[in-house]
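Spelled out, the chains give:
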Amino acid sequence: KIVMVQTSKGRLYRSTDGGDKWTDITDQLKPSSSASLANIVVEQISKSQADSKVAAVVGTRKNHFVTKDGGVTWRPLRQDSTIHTFMFHKTRPQWALLSTWTPSCEVKKYGAKAGTAKDGSSPCNHVLYLTKDLGKTFQLVSSYVVQFSWG
């Protein structure tokens, strides 16, 4: 049985024998851009209820990953935002909802130079996206989202 856990320090461990032996697989998560070469810190793991080998990892610095083979291989998730929540569909393993904050929210939190594209002049809001292909593409569902779940 494959088990994956996230530590309090943001490391990702995987066991293929139900938890008797563990391997740190955090370094297998490779950022999609060279601008993010810093170490990946895992903030969240989401496992598909529809397929036990499908999982997503939400990381720091907009580095997010998905696996279809129980964590043997990982590919970057095509989402260039800080993910707040990632939620798989209960019966369709390729489908997921994810929520992010608009760039203005991050500006208000982390600061930015006035006059830049992300200077906080646009409204800060929570945005919901849908993927039907395990994070290769995303469709905007709604802005100004407070709560969401699969029906």
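Residues numbered from 1 in each chain as written. Predicted model: local features only at pLDDT ≥ 70, side-chain atom pairs only at ≥ 80, totals over all residues. Heavy atoms only, no water.

Colleague: I keep staring at the overall build of the chain and nothing clicks. Help me out?
Modeller: Of regular secondary structure, the chain possesses one helix and 11 strands. Looking at the chain as a whole, 38% of its 151 residues qualify as buried. In the chain, 40% of the contacts between residues at least 6 apart in sequence involve partners at least 24 apart. (Helix = DSSP H or I, 4+ residues; strand = E, 2+ residues; numbered from the N terminus. Buried < 20%, exposed > 50% of the residue type's maximum accessible area, 1.4 Å probe, protein only. Contact = heavy atoms within 4.5 Å.)

Colleague: Sorry if this is basic, but what is going on with unusual backbone geometry here?
Modeller: Trans peptide bonds make up the majority, and among non-glycine residues the majority have a negative phi. For Arg61, which is not glycine, the phi torsion reads 55° and is therefore positive. Owing to a relative accessible area of 54%, Arg61 belongs among the exposed residues under this scheme.

Colleague: What exactly am I supposed to notice about the state of the cysteines here?
Modeller: Here is the idea: a disulfide is a covalent bond, and it sits between the sulfur atoms of two cysteines. If you walk through the whole model with that rule in mind, you get one disulfide. There is a disulfide in this structure between Cys105 and Cys124, and the S-S distance comes to 2.0 Å. A torsion of 110° about the S-S bond marks the disulfide between Cys105 and Cys124 as right-handed. Taken together, the residues Cys105 in helix H1 (residues 103-110) and Cys124 in the loop between H1 and strand S10 (126-131) connect sequence positions 19 residues apart. By relative accessible area, Cys124 is classed as partly exposed at 33%. (Disulfide = S-S within 2.5 Å.)

Colleague: Sorry if this is basic, but what is going on with the sheet that holds strand S7 (residues 75-76) here?
Modeller: Sheets are built from strands paired through backbone hydrogen bonds, the pairs being either parallel or antiparallel. The strand order S4-S5-S6-S7 describes an open sheet built from four strands, whose pairing is antiparallel. Among the strands making up the open sheet, the edge pair consists of strand S4 (42-47) and S7. Alignment of strand S5 (residues 55-59) against strand S6 (residues 64-67), held across four bridges, turns out to be antiparallel. Note on S6: the bridge partner recorded for Ala55 is Thr67. (Pairing = 2+ DSSP bridges.)

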